[in-house]
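Commentary on secondary and tertiary structure
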Amino acid sequence: MTQAWNVFERGGPLMWPLLALALLAAILLIERTLFFLLLNRPSRLRANRQLATTLRTQPREAAELAAAKSPGLYGRVGLALSSEPKLTPSLASQVIDDARPAVERFMPTLSTIITAAPLLGILGTVLGIIQSFNVISTQQTRVDLNALAGGIAEALITTGAGLAIALLTVFPYNALRTQVDRSLSRIETLAESIAGTPD
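Residues numbered from 1 in each chain as written. Predicted model: local features only at pLDDT ≥ 70, side-chain atom pairs only at ≥ 80, totals over all residues. Heavy atoms only, no water.

Scanning the protein from N- to C-terminus turns up eight helices and zero strands. Walking the protein from its N terminus toward its C terminus, one meets helices and strands in the order α-α-α-α-α-α-α-α. Burial statistics for the protein: of 199 residues in total, 38% are counted as buried. Residue pairs at least 24 apart in sequence account for 77% of intrachain contacts in the protein once pairs closer than 6 positions are excluded. (Helix = DSSP H or I, 4+ residues; strand = E, 2+ residues; numbered from the N terminus. Buried < 20%, exposed > 50% of the residue type's maximum accessible area, 1.4 Å probe, protein only. Contact = heavy atoms within 4.5 Å.)

Across the protein, the average pLDDT comes to 84, with 86% of residues at or above 70. For the protein, the element scoring lowest by mean pLDDT is helix α1 (residues 2–10), at 78; helix α2 (residues 15–39) scores highest, at 95. (pLDDT = per-residue confidence, 0-100.)

Throughout the structure, instances matching the rule amount to six salt bridges. In this structure, the salt-bridge partner of Glu31 is Arg105, at a minimum N-O distance of 3.7 Å. Of this pair, Glu31 sits in helix α2 while Arg105 sits in the loop between α6 (89–104) and α7 (107–138), and the two are 74 residues apart along the sequence. In this structure Glu31 comes out as partly exposed when scored by relative accessible area, which is 25%. Between Glu104 and Arg177 there is a salt bridge, and its shortest N-O distance comes to 3.4 Å. Here Arg177 lies in helix α8 (residues 145–195) and Glu104 lies in helix α6, a separation of 73 residues in the sequence. The exposure class assigned to Glu104 is partly exposed, which follows from its relative accessible area of 24%. In the salt-bridge network here, residues are joined through shared partners; they are Asp97, Arg100, Glu104, Arg177 and Asp181. (Salt bridge = Lys/Arg side-chain N within 4 Å of Asp/Glu carboxyl O.)

Our next topic: the nonpolar core. Residues Val77, Leu81, Leu110, Ile187 and Leu190 are the most contacted members of the largest nonpolar core, which totals 43 residues. Among the secondary structure elements, those contributing two or more residues to this core are α2, α3 (42–57), α4 (60–69), α5 (72–82), α6, α7 and α8. At twelve residues, the largest contribution of residues to this core is made by α8. Those residues within four positions of Leu190 in sequence are excluded, and the remaining contacts are Asn48, Leu51, Ala52, Leu55, Tyr74, Val77, Gly78 and Leu81. (Core = buried A, V, L, I, M, F, W, Y, C linked by side-chain atoms within 4.5 Å.)

Another aspect to go through is the environment of Met15. Looking at the secondary structure, you find Met15 in helix α2. As for Met15 and Leu120, which are separated by 105 residues in sequence, their C-alpha atoms are 8.9 Å apart. Residues in contact with Met15, not counting those within four places in the same chain, are Phe8, Ile157, Thr158 and Ala161.

Here we take up the packing of α3 against α5. α5 packs onto α3 with a crossing angle of 15 degrees between their chain directions and a minimal axis gap of 9 Å. Viewed along their axes, α3 and α5 adopt a mutual orientation that is roughly parallel. The way α3 lies across α5 gives a crossing that is left-handed. For the pair formed by α3 and α5, the contact residues are Arg44, Leu45, Asn48, Leu51 and Leu55 on the first element and Gly72, Tyr74, Gly75, Gly78 and Ser82 on the second. Residue composition of the contact of α3 with α5, grouped by class: four nonpolar, five polar and one charged. (Axes fitted to C-alpha atoms, helices over the stretch in contact; angles between N-to-C directions. Parallel < 35°, antiparallel > 145°, perpendicular 65-115°, else oblique. Left-handed = near helix turned anticlockwise from the far one by under 90°. Nonpolar A, V, L, I, M, F, W, Y, C, P; charged D, E, K, R; others polar.)

With that settled, the discussion passes to a nonpolar patch on the surface. Residues Leu119, Ile122, Leu123, Val126, Leu127 and Ile130 make up a contiguous nonpolar surface patch of roughly 510 Å² in combined accessible area. Relative to the helices and strands, Ile122 resides in helix α7. (Patch = residues over 30% accessible without salt bridge, like charges linked within 9 Å, V, L, I, M, F, W, Y side chains within 5 Å. Areas by Shrake-Rupley, 256 points an atom, 1.4 Å probe, with all protein chains shown as cover.)

Next up, the structure:
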C-alpha cells in the first residue's frame, strides 16, 4: 500500500483527477452491470417474449392487462403501448424514445471517461517533460538527476494511469453497449407486436 501511494505521489497533481475518473468509471460500470443483469435475466426475457406474443395475438384489453402484470421496464413499455387507444407509428416511436434514457443511462459518461483519461495522461506527460527541461535549464553546471528523474517519472506514471483507466473501462463499456442495443431491439419488438394486436 505504501509503495502504491509513493507511485501515486510521484505521478503529480493530475493523478487526483485520474483517480476520480477511475472511481467514477467503477461505480457506473457496477451500476450498469446490475441494471442489465436484472433487466435481461432469463425470467424477465421469458416474460418479455410472452408479453410480445400476447400483444401480437390478444385483444387490446387482454394485452394491456398482461403488460400491467409484466415486471420491469419491458412491462412498462408494453403498458404504455397497449394503453394507447390508437397506436400510430409516431406514438410508438415516442414510447420507445421515452424508454431509451433508462437503457442508455451513464453510457455517454463512460464514453467520455474512456476518451478523457488518456488525454489527462498525455497532459501529465507534457507537464513532466516541462518539469525535466526546467531542471536542465536552471542548473548551469551540474544537473540534479533526482529532480530530473522526478519529471520523467511523472510523465510516465500519468500516461500509464490514463491508459490503464481507458483500457479497463472500454471492454466492459463495449459489453454494456451490446446490452443497450439488444434491450432497445426488444423494446422495438414490443412496439411491432402491439401494431398487430386485434382491437
